[in-house]
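A structural walkthrough
Residue-level listing of the chains:
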Amino acid sequence: MSHQGPWLGHLDALADQLDAHQAAQAETEERGDKEFGRILRDTCDVVRDAEKDASSELPEVIEKAHAVLSAALRWAYGDEYYFYVPCFSNSKDCPEIEDGMRMCGTDITEIFMEFYTQYLYPGAPRPKLPDFARTTPWTKSPRPHPLSTRLSRFREGVPSPASDTTPAAQLIYQARAQLSIDHVSNPYAMSLSSGGSILAMAGAGGWKERDPVLRYYLLDEQDDEDLESVDMEPGLSNVARYVTTDEERKLIFLADDDRVKSFSWAQNAKGKVPKRLRNIHTMDSQREFCGPLVVIPNGRIARMGQGKAAVWTLDALETHQDNPKKLIGGGEVNRDNSWREDDCTRIELSRGSPPTAVVAFADSMFEPLALHLHTPSGYLLCGEQGNARDTHRYSCVAIDLEHGGKRVARYLGHGQDVDRITASPGDPNVFVTAGSDGYARIFDVRRPLPVLTFNTGHQSEACADVVFVHPDGIPTLFTGGERTEQVKVWDVRGKSVVYELSTGNNAVAGMAWDARRSSLYVSTECRRVNRMGERNGYRQARIPRWATWWAVERAAKELKDGKGEGPEGVETKSPAVGAPDDTPDGGQEQSSTETGPGPTLGEDSRRTQQADEEPSFKPASVEATGQSRQDEEMTDAEEEDEDEGDDDDDDMDYGDDFSDSDAGMHEDARSDEEEEPEDIDEEYSEEKRWPERPYHKEDFFGYAYDGGEHVLMRWHFTPEPDLTQLPPTTDGDIF
């Protein structure tokens, strides 16, 4: 939809239309999703048209559009009309990109199967699944290189943007990576220092996960196989939810709701970093500044609160080394909100230094949820928190902390909270957001709306985190899934998912990119482990012979002996390297069990979509179809015809994919096993466990791996990865 000025008048009209729509919805049970989606899209179109016209009113237009969008989303979520609102900020020139692989998820299909065979038709066999709910095994998926990790799953027909002339990028796009893991406390936050010397994690441990844990990795001291970490008691009274690092000063900052503590990883007189890092500062958050942390120039750190930010100048603060026996801040910290034991002696009692300065925001209700310092401009990019405060205001703003917290820009298009913000040195004018609405969005700092939107979760989950990198100048995106339990690798220029990486049936909690070592760190949470460390929701695994450790070992040996396929011998649609047709000899198979991975742990195809097409307003459990979305122009006659054909589509689509209205689906239903028999290794599977309702079945990746607990993963992209360096999967002995 194209608008001409006056832009503010258009927005006033859209606000009136929103009021009328809300009043109409209150009087009827029929849903008006199409009209609601049109109002959202038209609001963004007004901003886009004002920008193209270089209107002097653009800043005011953006703010009024933000008000209209916030009112619309406040109604949508506040009155529980919607759980997810689909993308409304895309256009023909700024499309929404979707994964070309349609997948429902085994968790959803298992719920349906249980309902079908136990309640709808008791005793009936499992029905044949519709096409969208069925996924071919890994052996039928492409594999671009014989050294591609078996824990990757490539998309059909998607060309790689990398070549021999871009070797670093080629390693990533061929998934030539080896995996190292470390079992960790429940991860809350993670920070990799700007120089790549340390990775710090904030976690929850102890009884019922009530104790704060600081875990760190000195990255210069890590080897290619194992991850060596140190756990520390940080002395806080509650679990820390935020962590950040200062490479220049060699400081880790860890924060709970009451205080911020800094720890130094500087070397001692012997040239070593002591295992227990020295606590340097303690800062009082005054229970007003409980938000995220950010290191800002000139030796300062800032912490966000509602309507304001606290700033500490580090050189002006008292340290614990100045007077080791003295409490910093002139008194003890108030522990009335602590979940730790009343007599816990591990809590350091200093109240902490008060802020050096407090910066008040122009908007007293503004409360940042995510932060990123945009180094080229010096501005602080902040994701607005709309869910927790029930304001339902979702946007990203740029703030100038050096000039009274002035807002210098606002970025629109988010349908829920902005959880993470990141950028890449490869493009100083671009940043990326990860949203609770299941989208990652690429913004140009000079434009108010996203230039690309990536549908990472098909409205079924939040986008947990995002990493944006430029290996050999090729823009590449990593996105993390919670329910979908994977990391997707996107070719930004190609507008497509290239492949996904396994997370061992764990939800992604955070990600970080180590540019010096071409490594991706992924912290993951096993949501089948409760706070007492007890596992639930597991069954005996059913692992195909080609997905066992024995098959991995045999494939690596064949490749080493020159019997496996080489790079020229791998076809896009050929079965994967190392997928055996027959079982190895019994004796060889048995002897392989002791050489496993460590001790057993207990198309680029695109579819187009009209810019004014009705969005798919669906609850989180309903799968969105998809590949890459773009907008097409339609004639008036075509629009009229489509409107006539969509008269019955205004209601929310709860999905008819499992409908058995075609004369008794249960009568000729067949099980998946009958239709596609699997060669299950019963002996290997007997002692292994797999989640009852995972997103991925055992045959989705080339090696069946379940983490079984919280795990930090390091994917190191290297020319000669060790194919056998894979972690052990969950064993029955740990239950």
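All values reported here derive from a predicted model rather than from experimental measurement. For every chain, the first residue of the written sequence is number 1, and numbering continues from 1 onward in sequence order. Totals for whole chains, interfaces and linings use every residue, but because this is a predicted model, local features are given only for residues with pLDDT of at least 70 and side-chain atom pairs only at 80 or more, for both listing and counting. The side-chain figures draw on all heavy atoms in the structure; neither hydrogens nor water molecules are used.

All right, on to the overall build of the chain then. On a plain count of helices and strands, the chain comes out with 10 helices and 32 strands. Relative accessibility thresholds used throughout: buried, under 20% of the residue-type maximum; exposed, over 50%; partly exposed, between the two (1.4 Å probe, protein chains only). With 735 residues in all, the chain has 59% of them scored as buried. Computed by Shrake-Rupley with a 1.4 Å probe, the accessible areas treat only the displayed protein chains as cover when residues are assessed. Carbon and sulfur atoms make up 45% of the accessible area of the chain, which amounts to about 30700 Å² in all. Strands are runs of DSSP state E lasting at least 2 residues, helices are runs of H or I lasting at least 4, and numbering of each runs from the N terminus.

Right, let's get into helix H2 (residues 33-52). Between its first and last C-alpha, H2 extends 29 Å over 20 residues, near the 28 Å set by a 1.5 Å rise per residue. Of all the 20 residues making up H2, 17 are buried; the element is thus mostly covered by neighbouring parts of the structure. A positive backbone phi angle near 55° is found at alanine 54, which sits one or two residues after H2. By definition here, a helix of n residues has an expected span of 1.5 Å times n minus one.

Glancing now at the packing of aromatic side chains. Note on ring pairs: Phe, Tyr and Trp rings are taken, using the six-membered ring of Trp, and paired if centres are within 6.5 Å. Classes follow the plane angle, with under 30 degrees stacked, over 60 edge-to-face and the rest tilted. Scanning all chains against the criterion turns up 17 aromatic pairs. Measuring from centroid to centroid gives 5.0 Å for tyrosine 411 and phenylalanine 431, while their planes differ by 75°, and the two rings are edge-to-face. Of this pair, tyrosine 411 sits in strand E19 (residues 406-411) while phenylalanine 431 sits in strand E21 (residues 430-435), placing them 20 residues apart in sequence. Residue classification places tyrosine 411 among the buried positions, given a relative accessible area of 3%. Note on phenylalanine 431 and phenylalanine 443: the rings are 5.2 Å apart at their centroids and 10° apart in plane angle, and the pair reads as stacked. Taken together, the positions of phenylalanine 431 in strand E21 and phenylalanine 443 in strand E22 (residues 439-444) put the pair 12 residues apart, joining distant regions of the chain. The same class applies to phenylalanine 431 and to phenylalanine 443, which are both buried.

Right, let's get into the sheet that holds strand E20 (residues 418-423). Pairing between strands requires that DSSP locate at least two bridges from one strand to the other. Pairing is mixed across the open sheet formed by five strands, whose spatial order is E1-E23-E22-E21-E20. Every other strand in the sheet has two partners, leaving strand E1 (96-98) and E20 as the edge strands with one partner each. Averaged over neighbouring strand pairs, the angle between their axes works out to 20° when direction is ignored. As paired strands, E1 and strand E23 (residues 452-455) are joined by three bridges and run parallel to one another. The convention used is that axes are lines fitted to C-alpha atoms, helices contributing only their stretch in contact, and that angles between N-to-C directions extend from 0 to 180 degrees.

Our focus in this paragraph is the pairing of strand E6 (residues 211-218). The side chains of a regular strand alternate, first on one face of the sheet and then on the other. Taken across its eight residues, E6 has eight buried, putting it largely inside the fold. Alternating positions in E6 separate into two faces, Asp211, Val213, Arg215 and Tyr217 on one and Pro212, Leu214, Tyr216 and Leu218 on the other, with burial throughout. Across eight bridges, strand E5 (residues 198-205) lies against E6 in antiparallel orientation. Bridge pairing links alanine 200 to tyrosine 216 in E6. If you look at the hairpin formed by E5 and E6, you'll find five residues sitting between the two strands, and glycine 206 has a positive phi there, around 75°. With three bridges joining them, E6 and strand E7 (residues 230-232) adopt antiparallel strand pairing. When the bridges of E7 are listed, tyrosine 216 appears paired with valine 230.

Looking now at the nonpolar core. Buried residues of nine kinds, namely Ala, Val, Leu, Ile, Met, Phe, Trp, Tyr and Cys, make up a nonpolar core once their side-chain atoms join them within 4.5 Å. Within the largest apolar cluster, 50 residues are counted, with the highest numbers of intra-cluster contacts made by Phe478, Tyr499, Leu520, Trp715 and Phe717. With 28 residues, the next largest nonpolar core counts Phe36, Leu40, Cys44 and Trp75 among its residues.

Tracing the sequence through the fold places glutamate 57 in the loop between H2 and helix H3 (58-78). With a relative accessible area of 31%, glutamate 57 lands in the partly exposed category. Placed 51 residues apart in sequence, glutamate 57 and proline 6 show a C-alpha to C-alpha distance of 9.2 Å. Residue contacts follow a heavy-atom distance rule, with two residues in contact if any of their heavy atoms lie within 4.5 Å. Leave out the neighbours within four places in its chain, and glutamate 57 touches Trp7 and Leu8.

This part covers the sheet that holds strand E3 (residues 177-183). The four strands lie next to each other as E3-E32-E29-E28, forming an open sheet whose pairing is antiparallel. Strand pairing shows two members of the sheet lacking a second neighbour, E3 and strand E28 (507-514), which therefore form its edges. Strand-to-strand twist in this sheet, taken as the mean axis angle between neighbours without regard to direction, amounts to 20°. As paired elements, strand E29 (residues 519-525) and strand E32 (residues 711-717) share six bridges and run antiparallel to each other. Across the sheet, the residue bridging to valine 522 is methionine 713, located in E32.

Side chains that differ in sign of charge can pair as their charged atoms come close. When a carboxyl oxygen of Asp or Glu is within 4 Å of a side-chain nitrogen of Lys or Arg, the pair counts as a salt bridge. Considering all chains together, one arrives at 49 salt bridges under this definition. Here aspartate 437 ties to arginine 441 by a salt bridge, and the two come within 2.7 Å at their closest N and O atoms. The buried category is assigned to arginine 441, whose relative accessible area is 1%. Close ionic contact of arginine 527 with glutamate 525 constitutes a salt bridge, the shortest N to O distance being 3.6 Å.

As a further point, take the pairing of E23. Burial along E23 is two-sided: the residues Leu452 and Phe454 and Thr453 and Asn455 are all buried. Bridge analysis of E22 against E23 gives four bridges, and the strand direction is antiparallel. Paired with tyrosine 439 across the strands is asparagine 455, a residue of E23.

This part takes up the side chain of asparagine 279. Take asparagine 279: it is sitting in strand E11 (residues 278-284). A polar contact of 2.8 Å, which involves the side chain of asparagine 279, links it to the side chain of lysine 261. Here serine 262 takes part through its backbone oxygen, which lies 2.9 Å from a polar atom of the side chain of asparagine 279. Filtering out sequence-adjacent residues up to four positions away, asparagine 279 remains in contact with Lys261, Ser262, Phe263, His320 and Gln321. Under this definition, polar contacts are N or O atom pairs within 3.5 Å; protein pairs additionally need one hydrogen-donor-capable and one acceptor-capable atom, and for neighbouring residues in sequence, both atoms have to be side-chain atoms.

Another point: helix H6 (residues 549-560). Counted at 1.5 Å a residue, the expected span for H6 with its 12 residues is 16 Å, and the 17 Å between its end C-alpha atoms agrees. Trp549, Trp550, Ala551, Val552, Ala555 and Ala556 are the residues of H6 that are buried. Among the residues trailing H6, glycine 562 stands out with phi positive, at a value near 80°.

A pair of packed helices can be characterised by two numbers: the angle between their axes and the separation between those axes. The contact between helix H1 (residues 7-26) and H2 brings their axes to 10 Å, and the two run at 170°. Classified by the interaxial angle, the pair formed by H1 and H2 is roughly antiparallel. Contacts from Trp7, His10, Leu11, Leu14, Gln17, Leu18 and His21 in H1 reach Glu35, Phe36, Arg38, Ile39, Asp42, Thr43, Val46, Asp49 and Ala50 in H2. Any angle from 65 to 115 degrees is called roughly perpendicular, while one under 35 is roughly parallel, one over 145 is roughly antiparallel, and all others are oblique.

A word on unusual backbone geometry. If you check the backbone angles, lysine 208 has positive phi at about 55° while not being a glycine. If you trace the backbone, lysine 208 turns up in the loop between E5 and E6. Classification of lysine 208 as partly exposed rests on a relative accessible area of 27%. Positive phi outside glycine occurs at arginine 287, with the angle close to 55°. Looking at the secondary structure, you find arginine 287 in the loop between E11 and strand E12 (293-296).

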